There are 2 protein chains.
Amino acid sequence: MPNIALIQSWCSESPVRNTERTEVMIRKAAGQGGNIIALQELFQTLYFCREINPRHFELAEPVPGPLTDRMSFLAKDLGVVLLVPLFEKAAPGLYYNSMVVIDADGSLLGVYRKMHIPDDPGFHEKYYFTPGDKGYRVFKTEYGLIGTLICWDQWFPEAARITAMMGAELIVYPTAIATLPHEGTDVKKKYMEAWQMIQRSHAIANGCYVAAVNRVGKEGNSHFWGHSFVAGPFGELVAESGDEEEILIVDADFDKIEKERQTWPFFRDRRIDSYRDVMKKWIT
Amino acid sequence: MPNIALIQSWCSESPVRNTERTEVMIRKAAGQGGNIIALQELFQTLYFCREINPRHFELAEPVPGPLTDRMSFLAKDLGVVLLVPLFEKAAPGLYYNSMVVIDADGSLLGVYRKMHIPDDPGFHEKYYFTPGDKGYRVFKTEYGLIGTLICWDQWFPEAARITAMMGAELIVYPTAIATLPHEGTDVKKKYMEAWQMIQRSHAIANGCYVAAVNRVGKEGNSHFWGHSFVAGPFGELVAESGDEEEILIVDADFDKIEKERQTWPFFRDRRIDSYRDVMKKWIT
(Lines give C-alpha, C1' and ligand atoms only; values in the text may rest on other atoms or scores of the structure.)
Protein backbone atom coordinates (compact mmCIF):
# COMPACT_ATOMS: atom_id res chain seq x y z
CA MET A 1 0.00 0.00 0.00
CA PRO A 2 2.27 2.82 -1.15
CA ASN A 3 1.44 6.43 -0.49
CA ILE A 4 1.55 8.65 -3.52
CA ALA A 5 2.44 12.30 -2.89
CA LEU A 6 1.89 14.98 -5.51
CA ILE A 7 3.68 18.28 -5.06
CA GLN A 8 1.73 21.12 -6.62
CA SER A 9 3.47 24.47 -6.33
CA TRP A 10 4.03 27.89 -7.84
CA CYS A 11 7.33 28.97 -9.36
CA SER A 12 9.46 32.09 -9.25
CA GLU A 13 12.05 33.44 -11.72
CA SER A 14 14.81 31.67 -9.77
CA PRO A 15 15.45 27.98 -10.53
CA VAL A 16 17.67 27.77 -7.44
CA ARG A 17 14.91 29.01 -5.20
CA ASN A 18 12.27 26.82 -6.89
CA THR A 19 14.42 23.75 -6.41
CA GLU A 20 15.07 24.63 -2.76
CA ARG A 21 11.38 25.18 -2.08
CA THR A 22 10.53 21.92 -3.82
CA GLU A 23 13.12 20.08 -1.72
CA VAL A 24 11.46 21.41 1.41
CA MET A 25 8.11 20.14 0.15
CA ILE A 26 9.59 16.74 -0.74
CA ARG A 27 10.93 16.40 2.81
CA LYS A 28 7.54 17.40 4.17
CA ALA A 29 5.76 14.89 1.89
CA ALA A 30 8.12 12.13 3.03
CA GLY A 31 7.49 13.12 6.65
CA GLN A 32 3.77 12.74 6.01
CA GLY A 33 4.24 9.21 4.71
CA GLY A 34 4.72 9.74 0.98
CA ASN A 35 6.52 6.81 -0.69
CA ILE A 36 6.25 7.84 -4.34
CA ILE A 37 6.72 11.58 -4.66
CA ALA A 38 5.90 13.22 -7.97
CA LEU A 39 6.77 16.76 -9.07
CA GLN A 40 5.09 18.95 -11.65
CA GLU A 41 6.39 19.34 -15.22
CA LEU A 42 9.53 21.54 -15.47
CA PHE A 43 9.26 22.18 -11.73
CA GLN A 44 12.59 24.05 -11.55
CA THR A 45 11.54 26.94 -13.74
CA LEU A 46 8.72 29.16 -14.81
CA TYR A 47 6.85 27.63 -17.74
CA PHE A 48 9.23 29.34 -20.18
CA CYS A 49 7.43 27.89 -23.25
CA ARG A 50 4.94 30.75 -22.91
CA GLU A 51 7.38 32.58 -25.19
CA ILE A 52 9.93 31.79 -27.88
CA ASN A 53 13.32 32.94 -26.64
CA PRO A 54 16.65 31.19 -27.27
CA ARG A 55 18.06 32.26 -23.90
CA HIS A 56 15.79 29.68 -22.24
CA PHE A 57 17.93 26.87 -23.68
CA GLU A 58 20.41 27.81 -20.92
CA LEU A 59 17.99 26.27 -18.44
CA ALA A 60 18.52 22.77 -19.83
CA GLU A 61 20.78 20.27 -18.09
CA PRO A 62 22.15 16.79 -18.72
CA VAL A 63 21.02 13.47 -17.26
CA PRO A 64 22.80 12.51 -15.08
CA GLY A 65 23.67 16.00 -13.92
CA PRO A 66 23.54 18.33 -10.94
CA LEU A 67 19.76 18.04 -10.50
CA THR A 68 19.64 14.27 -10.71
CA ASP A 69 22.62 14.00 -8.34
CA ARG A 70 20.85 16.19 -5.83
CA MET A 71 17.57 14.29 -6.18
CA SER A 72 19.33 10.91 -5.90
CA PHE A 73 20.86 12.02 -2.63
CA LEU A 74 17.47 13.21 -1.41
CA ALA A 75 15.64 10.01 -2.47
CA LYS A 76 18.17 7.86 -0.65
CA ASP A 77 18.18 10.10 2.41
CA LEU A 78 14.38 9.89 2.69
CA GLY A 79 13.90 6.36 1.32
CA VAL A 80 11.38 7.55 -1.27
CA VAL A 81 10.87 7.15 -5.00
CA LEU A 82 11.17 10.51 -6.75
CA LEU A 83 9.68 11.40 -10.13
CA VAL A 84 11.64 14.39 -11.33
CA PRO A 85 10.70 16.28 -14.50
CA LEU A 86 13.39 18.40 -16.13
CA PHE A 87 14.43 20.24 -19.27
CA GLU A 88 16.99 17.76 -20.57
CA LYS A 89 19.99 18.70 -22.65
CA ALA A 90 20.94 15.57 -24.61
CA ALA A 91 23.54 17.25 -26.85
CA PRO A 92 24.27 20.80 -27.99
CA GLY A 93 21.11 21.74 -29.90
CA LEU A 94 19.10 18.68 -28.83
CA TYR A 95 16.70 19.07 -25.91
CA TYR A 96 13.85 17.04 -24.43
CA ASN A 97 11.00 17.59 -22.01
CA SER A 98 11.89 14.70 -19.71
CA MET A 99 11.29 12.99 -16.40
CA VAL A 100 13.76 10.85 -14.47
CA VAL A 101 12.76 8.14 -12.04
CA ILE A 102 14.90 7.73 -8.94
CA ASP A 103 14.44 4.70 -6.73
CA ALA A 104 14.26 4.75 -2.95
CA ASP A 105 17.95 3.72 -2.71
CA GLY A 106 18.95 6.78 -4.75
CA SER A 107 19.65 4.91 -7.99
CA LEU A 108 18.69 6.64 -11.23
CA LEU A 109 16.43 4.12 -12.96
CA GLY A 110 16.13 6.01 -16.24
CA VAL A 111 14.59 8.82 -18.17
CA TYR A 112 11.34 9.22 -20.07
CA ARG A 113 11.27 11.80 -22.87
CA LYS A 114 7.86 13.34 -23.60
CA MET A 115 6.58 11.75 -26.79
CA HIS A 116 3.77 14.17 -27.74
CA ILE A 117 4.80 17.82 -27.96
CA PRO A 118 2.17 20.58 -28.09
CA ASP A 119 2.45 23.91 -29.83
CA ASP A 120 -0.33 26.35 -29.25
CA PRO A 121 -0.79 29.96 -28.11
CA GLY A 122 1.05 30.16 -24.76
CA PHE A 123 2.56 26.67 -25.19
CA HIS A 124 5.39 26.89 -27.73
CA GLU A 125 6.93 23.55 -26.91
CA LYS A 126 7.87 22.46 -30.43
CA TYR A 127 10.45 25.26 -30.43
CA TYR A 128 12.26 23.87 -27.39
CA PHE A 129 11.73 20.13 -27.32
CA THR A 130 12.28 17.40 -29.85
CA PRO A 131 9.69 14.62 -29.51
CA GLY A 132 10.87 11.74 -27.34
CA ASP A 133 12.98 9.02 -28.94
CA LYS A 134 12.78 6.35 -26.25
CA GLY A 135 9.13 5.35 -26.54
CA TYR A 136 7.00 4.54 -23.51
CA ARG A 137 8.54 3.41 -20.26
CA VAL A 138 7.72 1.67 -17.02
CA PHE A 139 10.12 1.57 -14.09
CA LYS A 140 10.23 -1.11 -11.41
CA THR A 141 10.67 0.82 -8.18
CA GLU A 142 10.73 -0.07 -4.50
CA TYR A 143 7.08 1.01 -4.27
CA GLY A 144 5.61 -0.35 -7.50
CA LEU A 145 5.69 -0.30 -11.27
CA ILE A 146 5.52 3.30 -12.42
CA GLY A 147 4.69 4.41 -15.95
CA THR A 148 5.88 7.84 -16.98
CA LEU A 149 4.09 10.19 -19.34
CA ILE A 150 4.12 13.98 -19.45
CA CYS A 151 1.34 16.57 -19.92
CA TRP A 152 0.26 16.62 -23.61
CA ASP A 153 0.71 12.82 -23.67
CA GLN A 154 -2.41 12.71 -21.50
CA TRP A 155 -4.68 13.40 -24.49
CA PHE A 156 -3.50 10.29 -26.37
CA PRO A 157 -5.10 7.00 -25.30
CA GLU A 158 -2.46 5.05 -27.22
CA ALA A 159 0.30 6.28 -24.88
CA ALA A 160 -1.58 5.24 -21.75
CA ARG A 161 -2.53 1.89 -23.29
CA ILE A 162 1.04 0.95 -24.19
CA THR A 163 2.37 2.15 -20.83
CA ALA A 164 -0.27 0.08 -19.02
CA MET A 165 0.53 -3.00 -21.11
CA MET A 166 4.15 -2.65 -20.05
CA GLY A 167 2.87 -3.31 -16.54
CA ALA A 168 2.37 0.12 -15.01
CA GLU A 169 0.41 0.04 -11.76
CA LEU A 170 0.50 3.83 -11.65
CA ILE A 171 0.80 6.23 -14.59
CA VAL A 172 2.03 9.70 -13.61
CA TYR A 173 1.52 12.82 -15.72
CA PRO A 174 3.49 15.89 -14.58
CA THR A 175 1.71 18.79 -16.19
CA ALA A 176 1.71 22.52 -16.89
CA ILE A 177 -1.79 23.42 -17.99
CA ALA A 178 -3.31 26.86 -17.78
CA THR A 179 -6.01 29.06 -19.16
CA LEU A 180 -5.43 32.42 -20.81
CA PRO A 181 -7.32 35.59 -19.77
CA HIS A 182 -9.62 35.71 -22.82
CA GLU A 183 -10.85 32.18 -22.17
CA GLY A 184 -13.11 33.06 -19.23
CA THR A 185 -14.68 30.97 -16.49
CA ASP A 186 -16.92 28.73 -18.60
CA VAL A 187 -14.09 27.76 -20.92
CA LYS A 188 -11.81 27.12 -17.95
CA LYS A 189 -14.41 24.83 -16.42
CA LYS A 190 -14.88 22.96 -19.71
CA TYR A 191 -11.12 22.53 -20.15
CA MET A 192 -10.54 21.36 -16.58
CA GLU A 193 -13.38 18.88 -16.84
CA ALA A 194 -12.05 17.43 -20.11
CA TRP A 195 -8.50 17.38 -18.75
CA GLN A 196 -9.52 15.36 -15.72
CA MET A 197 -11.89 13.15 -17.69
CA ILE A 198 -9.44 12.07 -20.36
CA GLN A 199 -6.93 11.01 -17.70
CA ARG A 200 -9.52 9.23 -15.57
CA SER A 201 -10.59 7.42 -18.75
CA HIS A 202 -7.08 6.00 -19.05
CA ALA A 203 -7.47 4.57 -15.55
CA ILE A 204 -10.79 3.03 -16.63
CA ALA A 205 -9.62 1.60 -19.95
CA ASN A 206 -6.45 0.20 -18.44
CA GLY A 207 -7.42 -0.67 -14.88
CA CYS A 208 -4.54 1.14 -13.24
CA TYR A 209 -3.94 4.17 -11.03
CA VAL A 210 -3.41 7.51 -12.76
CA ALA A 211 -1.99 10.68 -11.18
CA ALA A 212 -1.58 14.17 -12.62
CA VAL A 213 0.52 16.94 -11.02
CA ASN A 214 -0.12 20.45 -12.27
CA ARG A 215 1.49 23.72 -11.19
CA VAL A 216 -0.37 26.72 -9.77
CA GLY A 217 0.03 30.46 -10.01
CA LYS A 218 -0.08 33.19 -12.61
CA GLU A 219 2.89 33.42 -14.97
CA GLY A 220 2.42 36.31 -17.38
CA ASN A 221 -0.96 35.69 -19.00
CA SER A 222 -1.10 32.04 -18.07
CA HIS A 223 -3.10 31.01 -15.04
CA PHE A 224 -2.06 27.47 -14.04
CA TRP A 225 -5.03 25.78 -12.51
CA GLY A 226 -3.54 23.14 -10.19
CA HIS A 227 -6.17 20.51 -9.39
CA SER A 228 -3.65 17.70 -9.24
CA PHE A 229 -5.43 14.43 -8.63
CA VAL A 230 -5.18 10.67 -8.24
CA ALA A 231 -7.68 8.30 -9.90
CA GLY A 232 -8.16 4.67 -8.92
CA PRO A 233 -8.22 1.66 -11.27
CA PHE A 234 -11.81 2.16 -12.44
CA GLY A 235 -11.38 5.90 -12.86
CA GLU A 236 -12.77 6.87 -9.47
CA LEU A 237 -11.43 10.16 -8.14
CA VAL A 238 -9.46 9.26 -5.01
CA ALA A 239 -8.26 12.75 -4.14
CA GLU A 240 -7.93 16.16 -5.76
CA SER A 241 -6.10 19.38 -4.92
CA GLY A 242 -7.46 22.89 -5.20
CA ASP A 243 -5.78 25.74 -7.03
CA GLU A 244 -3.25 26.69 -4.34
CA GLU A 245 0.15 25.25 -3.41
CA GLU A 246 -0.45 21.86 -1.83
CA ILE A 247 0.96 18.44 -1.08
CA LEU A 248 -1.65 15.81 -1.94
CA ILE A 249 -1.04 12.46 -0.23
CA VAL A 250 -3.04 9.42 -1.26
CA ASP A 251 -3.11 5.81 -0.06
CA ALA A 252 -2.97 3.60 -3.12
CA ASP A 253 -3.71 -0.12 -3.12
CA PHE A 254 -2.14 -1.70 -6.17
CA ASP A 255 -3.75 -5.04 -5.24
CA LYS A 256 -7.04 -3.53 -6.40
CA ILE A 257 -5.78 -3.52 -9.97
CA GLU A 258 -6.12 -7.23 -10.69
CA LYS A 259 -9.53 -7.42 -9.05
CA GLU A 260 -10.80 -4.46 -11.07
CA ARG A 261 -9.50 -6.04 -14.28
CA GLN A 262 -11.33 -9.29 -13.41
CA THR A 263 -14.59 -7.37 -12.92
CA TRP A 264 -14.06 -5.35 -16.10
CA PRO A 265 -11.98 -7.69 -18.29
CA PHE A 266 -11.08 -5.33 -21.10
CA PHE A 267 -7.63 -6.83 -21.62
CA ARG A 268 -9.27 -10.22 -22.27
CA ASP A 269 -11.35 -8.82 -25.12
CA ARG A 270 -9.11 -6.43 -27.05
CA ARG A 271 -9.33 -7.09 -30.82
CA ILE A 272 -5.66 -6.70 -31.59
CA ASP A 273 -6.32 -8.11 -35.07
CA SER A 274 -8.32 -4.95 -35.82
CA TYR A 275 -6.12 -2.14 -34.48
CA ARG A 276 -3.57 -1.76 -37.30
CA ASP A 277 -5.13 1.51 -38.49
CA VAL A 278 -4.19 3.16 -35.19
CA MET A 279 -0.79 3.52 -36.84
CA LYS A 280 -2.23 5.84 -39.49
CA LYS A 281 -2.72 9.60 -39.27
CA TRP A 282 -6.10 9.36 -40.98
CA ILE A 283 -8.03 6.73 -42.89
CA THR A 284 -9.34 7.49 -46.37
CA MET B 1 -27.40 21.15 -37.86
CA PRO B 2 -28.91 17.68 -37.60
CA ASN B 3 -31.07 16.68 -34.68
CA ILE B 4 -30.04 13.45 -33.01
CA ALA B 5 -32.83 11.47 -31.35
CA LEU B 6 -32.09 8.64 -28.93
CA ILE B 7 -34.91 6.23 -28.14
CA GLN B 8 -34.53 4.77 -24.67
CA SER B 9 -37.24 2.25 -23.81
CA TRP B 10 -38.17 -0.83 -21.83
CA CYS B 11 -38.87 -4.18 -23.46
CA SER B 12 -41.47 -6.89 -23.02
CA GLU B 13 -41.35 -10.61 -23.85
CA SER B 14 -42.90 -9.89 -27.24
CA PRO B 15 -40.59 -8.81 -30.09
CA VAL B 16 -43.63 -7.87 -32.17
CA ARG B 17 -44.91 -5.56 -29.50
CA ASN B 18 -41.47 -4.10 -28.79
CA THR B 19 -40.99 -3.32 -32.47
CA GLU B 20 -44.43 -1.74 -32.71
CA ARG B 21 -43.83 0.41 -29.65
CA THR B 22 -40.44 1.45 -31.00
CA GLU B 23 -42.00 2.39 -34.32
CA VAL B 24 -44.43 4.66 -32.51
CA MET B 25 -41.51 6.30 -30.71
CA ILE B 26 -39.57 6.69 -33.97
CA ARG B 27 -42.56 8.48 -35.52
CA LYS B 28 -42.82 10.69 -32.46
CA ALA B 29 -39.08 11.47 -32.57
CA ALA B 30 -39.33 12.39 -36.25
CA GLY B 31 -42.34 14.58 -35.47
CA GLN B 32 -40.22 16.38 -32.88
CA GLY B 33 -37.53 17.12 -35.45
CA GLY B 34 -35.21 14.12 -35.10
CA ASN B 35 -33.07 13.58 -38.21
CA ILE B 36 -30.79 10.81 -36.99
CA ILE B 37 -32.77 8.38 -34.85
CA ALA B 38 -30.84 5.78 -32.85
CA LEU B 39 -32.27 2.73 -31.10
CA GLN B 40 -30.89 0.78 -28.15
CA GLU B 41 -28.92 -2.47 -28.54
CA LEU B 42 -31.13 -5.49 -29.43
CA PHE B 43 -34.17 -3.21 -29.14
CA GLN B 44 -36.60 -5.88 -30.42
CA THR B 45 -36.13 -8.26 -27.54
CA LEU B 46 -35.43 -8.61 -23.89
CA TYR B 47 -31.71 -8.73 -23.23
CA PHE B 48 -31.70 -12.51 -23.64
CA CYS B 49 -27.94 -12.79 -22.97
CA ARG B 50 -28.79 -12.71 -19.28
CA GLU B 51 -29.01 -16.49 -19.67
CA ILE B 52 -27.56 -19.23 -21.86
CA ASN B 53 -30.40 -20.86 -23.76
CA PRO B 54 -30.27 -22.16 -27.34
CA ARG B 55 -33.89 -21.24 -28.03
CA HIS B 56 -32.88 -17.58 -28.16
CA PHE B 57 -31.11 -18.20 -31.47
CA GLU B 58 -34.62 -18.22 -32.96
CA LEU B 59 -34.71 -14.47 -32.37
CA ALA B 60 -31.98 -13.83 -34.96
CA GLU B 61 -32.81 -12.63 -38.45
CA PRO B 62 -30.98 -11.95 -41.69
CA VAL B 63 -29.83 -8.63 -43.17
CA PRO B 64 -31.62 -7.65 -45.32
CA GLY B 65 -34.72 -9.19 -43.81
CA PRO B 66 -38.15 -8.38 -42.43
CA LEU B 67 -36.88 -5.91 -39.84
CA THR B 68 -34.63 -3.99 -42.20
CA ASP B 69 -37.41 -3.91 -44.84
CA ARG B 70 -39.79 -2.45 -42.31
CA MET B 71 -37.24 0.08 -41.07
CA SER B 72 -36.29 1.10 -44.62
CA PHE B 73 -39.93 1.84 -45.34
CA LEU B 74 -40.18 3.84 -42.13
CA ALA B 75 -36.97 5.81 -42.76
CA LYS B 76 -38.13 6.77 -46.25
CA ASP B 77 -41.62 7.60 -45.05
CA LEU B 78 -40.27 9.95 -42.38
CA GLY B 79 -37.14 11.17 -44.21
CA VAL B 80 -34.89 10.19 -41.31
CA VAL B 81 -31.68 8.23 -40.84
CA LEU B 82 -32.30 5.15 -38.70
CA LEU B 83 -29.69 3.27 -36.68
CA VAL B 84 -31.17 -0.15 -36.08
CA PRO B 85 -29.45 -2.70 -33.84
CA LEU B 86 -30.40 -6.34 -34.32
CA PHE B 87 -29.46 -9.94 -33.60
CA GLU B 88 -28.13 -10.87 -37.03
CA LYS B 89 -28.24 -14.36 -38.49
CA ALA B 90 -25.45 -14.52 -41.06
CA ALA B 91 -25.66 -18.28 -41.68
CA PRO B 92 -27.02 -21.28 -39.78
CA GLY B 93 -24.88 -21.32 -36.64
CA LEU B 94 -23.26 -17.92 -37.25
CA TYR B 95 -24.74 -14.91 -35.46
CA TYR B 96 -23.65 -11.34 -34.79
CA ASN B 97 -24.67 -8.50 -32.52
CA SER B 98 -25.16 -5.95 -35.28
CA MET B 99 -26.49 -2.55 -36.28
CA VAL B 100 -27.72 -1.49 -39.70
CA VAL B 101 -27.68 2.06 -40.95
CA ILE B 102 -30.59 3.15 -43.13
CA ASP B 103 -30.42 6.45 -44.96
CA ALA B 104 -33.22 9.01 -45.14
CA ASP B 105 -34.25 7.71 -48.58
CA GLY B 106 -34.75 4.23 -47.15
CA SER B 107 -31.60 2.70 -48.60
CA LEU B 108 -29.76 0.19 -46.46
CA LEU B 109 -26.22 1.58 -46.27
CA GLY B 110 -24.68 -1.38 -44.50
CA VAL B 111 -24.17 -3.31 -41.33
CA TYR B 112 -21.72 -3.02 -38.44
CA ARG B 113 -21.01 -6.16 -36.44
CA LYS B 114 -19.98 -5.62 -32.81
CA MET B 115 -16.23 -6.17 -32.59
CA HIS B 116 -15.74 -6.55 -28.82
CA ILE B 117 -17.94 -9.18 -27.19
CA PRO B 118 -18.34 -9.28 -23.38
CA ASP B 119 -18.96 -12.32 -21.26
CA ASP B 120 -19.64 -11.72 -17.62
CA PRO B 121 -22.28 -12.60 -15.02
CA GLY B 122 -25.59 -11.51 -16.57
CA PHE B 123 -23.97 -10.79 -19.94
CA HIS B 124 -23.28 -14.11 -21.69
CA GLU B 125 -22.66 -12.64 -25.12
CA LYS B 126 -19.80 -14.89 -26.20
CA TYR B 127 -22.31 -17.75 -26.30
CA TYR B 128 -24.53 -16.01 -28.86
CA PHE B 129 -22.35 -13.70 -30.93
CA THR B 130 -19.18 -14.23 -32.88
CA PRO B 131 -16.93 -11.16 -32.80
CA GLY B 132 -17.47 -8.85 -35.79
CA ASP B 133 -15.59 -9.62 -39.01
CA LYS B 134 -16.09 -6.33 -40.86
CA GLY B 135 -13.92 -4.03 -38.75
CA TYR B 136 -14.93 -0.46 -37.95
CA ARG B 137 -17.36 1.42 -40.15
CA VAL B 138 -18.51 4.92 -40.96
CA PHE B 139 -21.58 5.60 -43.11
CA LYS B 140 -22.18 8.71 -45.19
CA THR B 141 -25.81 9.59 -44.56
CA GLU B 142 -28.09 12.43 -45.53
CA TYR B 143 -27.45 13.99 -42.11
CA GLY B 144 -23.74 13.38 -41.60
CA LEU B 145 -20.98 10.82 -41.28
CA ILE B 146 -22.00 8.27 -38.68
CA GLY B 147 -19.65 5.82 -37.01
CA THR B 148 -21.19 2.69 -35.55
CA LEU B 149 -20.01 0.88 -32.45
CA ILE B 150 -21.99 -1.20 -29.97
CA CYS B 151 -21.96 -1.36 -26.14
CA TRP B 152 -18.81 -3.24 -24.98
CA ASP B 153 -16.89 -1.51 -27.81
CA GLN B 154 -17.26 1.66 -25.73
CA TRP B 155 -14.54 0.55 -23.30
CA PHE B 156 -11.88 0.31 -26.05
CA PRO B 157 -10.30 3.61 -27.13
CA GLU B 158 -8.82 1.94 -30.21
CA ALA B 159 -12.28 1.34 -31.67
CA ALA B 160 -13.34 4.96 -31.24
CA ARG B 161 -10.01 6.22 -32.60
CA ILE B 162 -10.20 4.20 -35.80
CA THR B 163 -13.87 5.05 -36.31
CA ALA B 164 -13.10 8.76 -35.87
CA MET B 165 -10.17 8.57 -38.28
CA MET B 166 -12.55 7.12 -40.87
CA GLY B 167 -14.31 10.48 -40.67
CA ALA B 168 -17.13 9.94 -38.17
CA GLU B 169 -18.77 13.17 -37.05
CA LEU B 170 -20.94 11.20 -34.65
CA ILE B 171 -20.16 7.85 -33.02
CA VAL B 172 -23.23 6.02 -31.75
CA TYR B 173 -23.15 3.27 -29.12
CA PRO B 174 -26.42 1.33 -28.71
CA THR B 175 -26.10 -0.28 -25.31
CA ALA B 176 -27.59 -2.69 -22.80
CA ILE B 177 -25.92 -1.99 -19.49
CA ALA B 178 -27.35 -2.84 -16.11
CA THR B 179 -26.48 -3.43 -12.52
CA LEU B 180 -27.27 -6.59 -10.60
CA PRO B 181 -29.04 -6.57 -7.20
CA HIS B 182 -25.94 -7.38 -5.12
CA GLU B 183 -24.05 -4.44 -6.58
CA GLY B 184 -25.84 -1.73 -4.58
CA THR B 185 -26.18 2.01 -5.03
CA ASP B 186 -22.53 3.02 -4.62
CA VAL B 187 -21.35 0.47 -7.16
CA LYS B 188 -24.10 1.52 -9.58
CA LYS B 189 -23.00 5.14 -9.26
CA LYS B 190 -19.36 4.20 -9.84
CA TYR B 191 -20.23 2.10 -12.90
CA MET B 192 -22.50 4.75 -14.42
CA GLU B 193 -19.88 7.42 -13.91
CA ALA B 194 -17.16 5.30 -15.54
CA TRP B 195 -19.51 4.31 -18.36
CA GLN B 196 -20.29 7.90 -19.21
CA MET B 197 -16.71 9.05 -18.70
CA ILE B 198 -15.07 6.53 -21.00
CA GLN B 199 -17.44 7.49 -23.82
CA ARG B 200 -17.08 11.22 -23.24
CA SER B 201 -13.31 10.67 -23.34
CA HIS B 202 -13.66 9.31 -26.88
CA ALA B 203 -15.36 12.58 -27.85
CA ILE B 204 -12.45 14.46 -26.27
CA ALA B 205 -9.64 12.40 -27.78
CA ASN B 206 -11.22 12.42 -31.21
CA GLY B 207 -13.05 15.74 -31.37
CA CYS B 208 -16.38 14.31 -32.50
CA TYR B 209 -19.89 13.84 -31.16
CA VAL B 210 -20.61 10.67 -29.19
CA ALA B 211 -24.03 9.27 -28.33
CA ALA B 212 -25.01 6.28 -26.21
CA VAL B 213 -28.52 4.74 -26.11
CA ASN B 214 -29.23 2.41 -23.21
CA ARG B 215 -32.42 0.53 -22.37
CA VAL B 216 -34.40 0.92 -19.13
CA GLY B 217 -36.39 -1.42 -16.94
CA LYS B 218 -35.88 -4.50 -14.85
CA GLU B 219 -35.38 -7.79 -16.70
CA GLY B 220 -34.95 -10.65 -14.25
CA ASN B 221 -32.13 -9.55 -11.98
CA SER B 222 -30.78 -6.94 -14.34
CA HIS B 223 -31.73 -3.33 -13.79
CA PHE B 224 -30.97 -1.38 -16.99
CA TRP B 225 -30.06 2.12 -16.02
CA GLY B 226 -30.94 4.21 -19.09
CA HIS B 227 -29.11 7.54 -18.90
CA SER B 228 -28.66 7.75 -22.66
CA PHE B 229 -26.66 10.84 -23.53
CA VAL B 230 -25.01 12.93 -26.21
CA ALA B 231 -21.55 14.45 -25.75
CA GLY B 232 -20.12 17.25 -27.87
CA PRO B 233 -16.72 17.30 -29.58
CA PHE B 234 -14.74 18.23 -26.46
CA GLY B 235 -16.61 15.75 -24.29
CA GLU B 236 -19.14 18.23 -22.92
CA LEU B 237 -22.42 16.64 -21.89
CA VAL B 238 -25.03 18.11 -24.25
CA ALA B 239 -28.03 16.21 -22.92
CA GLU B 240 -28.77 13.17 -20.78
CA SER B 241 -31.85 11.02 -20.13
CA GLY B 242 -33.03 9.76 -16.78
CA ASP B 243 -33.84 6.15 -15.98
CA GLU B 244 -37.36 6.05 -17.50
CA GLU B 245 -38.56 5.57 -21.07
CA GLU B 246 -37.67 8.71 -22.99
CA ILE B 247 -36.93 10.23 -26.38
CA LEU B 248 -33.87 12.47 -26.07
CA ILE B 249 -33.55 15.00 -28.88
CA VAL B 250 -30.39 17.03 -29.29
CA ASP B 251 -29.31 19.74 -31.73
CA ALA B 252 -25.85 18.81 -32.98
CA ASP B 253 -23.57 21.16 -34.88
CA PHE B 254 -21.03 19.15 -36.82
CA ASP B 255 -19.30 22.38 -37.89
CA LYS B 256 -17.99 22.62 -34.32
CA ILE B 257 -15.81 19.57 -34.94
CA GLU B 258 -13.14 21.22 -37.06
CA LYS B 259 -12.95 24.26 -34.78
CA GLU B 260 -12.55 22.07 -31.70
CA ARG B 261 -9.79 20.08 -33.41
CA GLN B 262 -7.98 23.34 -34.25
CA THR B 263 -8.14 24.43 -30.60
CA TRP B 264 -7.05 20.98 -29.37
CA PRO B 265 -4.95 19.66 -32.27
CA PHE B 266 -4.47 16.07 -31.14
CA PHE B 267 -4.58 14.64 -34.65
CA ARG B 268 -1.64 16.89 -35.59
CA ASP B 269 0.54 15.40 -32.86
CA ARG B 270 -0.18 11.68 -32.78
CA ARG B 271 3.08 9.67 -32.71
CA ILE B 272 2.05 6.97 -35.13
CA ASP B 273 5.66 5.78 -35.25
CA SER B 274 5.29 4.72 -31.60
CA TYR B 275 1.91 2.92 -31.53
CA ARG B 276 2.84 -0.50 -32.92
CA ASP B 277 2.57 -2.16 -29.50
CA VAL B 278 -1.16 -1.35 -29.41
CA MET B 279 -1.44 -4.48 -31.57
CA LYS B 280 -0.15 -6.65 -28.73
CA LYS B 281 -2.16 -8.23 -25.91
CA TRP B 282 0.55 -7.39 -23.40
CA ILE B 283 4.15 -6.22 -23.49
CA THR B 284 6.83 -8.19 -21.71
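Each remark here, short or long, concerns the structure printed above.
Predicted model only: the values in this text are computed from it and were never measured.

Caption draft 1: Examining unusual backbone geometry more closely. Cis peptide bonds are those with omega within 30 degrees of zero, and the linkage from V63(A) to P64(A) qualifies with -5 degrees. Here the phi dihedral of H227(B) falls at roughly 60 degrees; this positive angle occurs in a residue that is not glycine. Position of H227(B) relative to the elements: it lies in the loop between β12 (222-225) and β13 (229-231). Among the residues examined, H227(B) registers a relative accessible area of 19% and is labelled buried.

Caption draft 2: Quick peek at the sheet that holds strand β6 (residues 137-141) of chain B. All names here are of chain B. Across the sheet, which stays open at both edges, the 6 strands sit in the order β6-β7-β8-β10-β13-β14 with mixed pairing between neighbours. Lying at the two open borders of the sheet, with one neighbouring strand each, are β6 and β14 (237-240). Across the sheet, the mean angle separating the axes of adjacent strands is 20 degrees when strand polarity is ignored. In this sheet, strand β8 (residues 170-175) lies alongside strand β7 (residues 144-148) in parallel orientation, the contact comprising 3 bridges. Bridging from a neighbouring strand, I146 pairs with L170 of β8. Lying over the sheet, helix α4 (residues 157-165) contacts β6, β7 and β8, oriented at roughly 140 degrees with respect to β8.

Caption draft 3: Molecular detail of the interface of chain B and chain A. Contact with chain B, which involves 56 residues of that partner, is made by 56 residues of chain A. Carbon and sulfur atoms make up 65% of the surface buried where chain B meets chain A, a total of about 5,600 Å² over both sides. If you sort the residues of chain B by the area they bury against chain A, M279(B), K281(B) and W282(B) come out on top, with a joint share of 12%. Seen at the junction of chain B and chain A, the total is 12 salt bridges. Here E158(A) makes a salt bridge to R270(B), at a shortest N to O gap of 2.8 Å. Between chain B and chain A we count 31 residue pairs in polar contact (both at pLDDT 80 or more) in total.

Caption draft 4: Region of the structure containing the relation of the copies chain B and chain A. The transform that puts chain B on chain A rotates by 180 degrees and translates by 0.0 Å along the axis, for an RMSD of 0.0 Å. What we have between these two chains is a two-fold relation. The fraction of interface residues of chain B whose copies in chain A are also interface residues reaches 100%, indicating that both copies meet through the same surface.

Caption draft 5: Spotlight on the state of the cysteines. Inspection of the entire model under this criterion finds 0 disulfides over all chains. The cysteine C11(B) is free of any disulfide, with C49(B) supplying the nearest cysteine sulfur at 12 Å.

Caption draft 6: Seen up close, helix α4 (residues 157-165) of chain A. All names here are of chain A. Within α4, 9 of the 9 residues are buried, which leaves it mostly tucked inside the rest of the structure. The set of residues buried in α4 consists of P157, E158, A159, A160, R161, I162, T163, A164 and M165. Backbone geometry just after α4 places G167 at a positive phi near 105 degrees.

Conventions and cut-offs
- Residues numbered from 1 in each chain as written.
- Chains lettered and ligands numbered in written order.
- Predicted model: local features only at pLDDT ≥ 70, side-chain atom pairs only at ≥ 80, totals over all residues.
- Heavy atoms only, no water.
- Helix = DSSP H or I, 4+ residues; strand = E, 2+ residues; numbered from the N terminus.
- Buried < 20%, exposed > 50% of the residue type's maximum accessible area, 1.4 Å probe, protein only.
- Pairing = 2+ DSSP bridges.
- Axes fitted to C-alpha atoms, helices over the stretch in contact; angles between N-to-C directions.
- Contact = heavy atoms within 4.5 Å.
- Buried area = accessible area lost by both parts, 1.4 Å probe.
- Salt bridge = Lys/Arg side-chain N within 4 Å of Asp/Glu carboxyl O.
- Polar contact = N/O pair within 3.5 Å; in protein donor to acceptor, adjacent residues only side chain to side chain.
- Least-squares fit on C-alpha atoms with pLDDT ≥ 70 in both.
- Disulfide = S-S within 2.5 Å.

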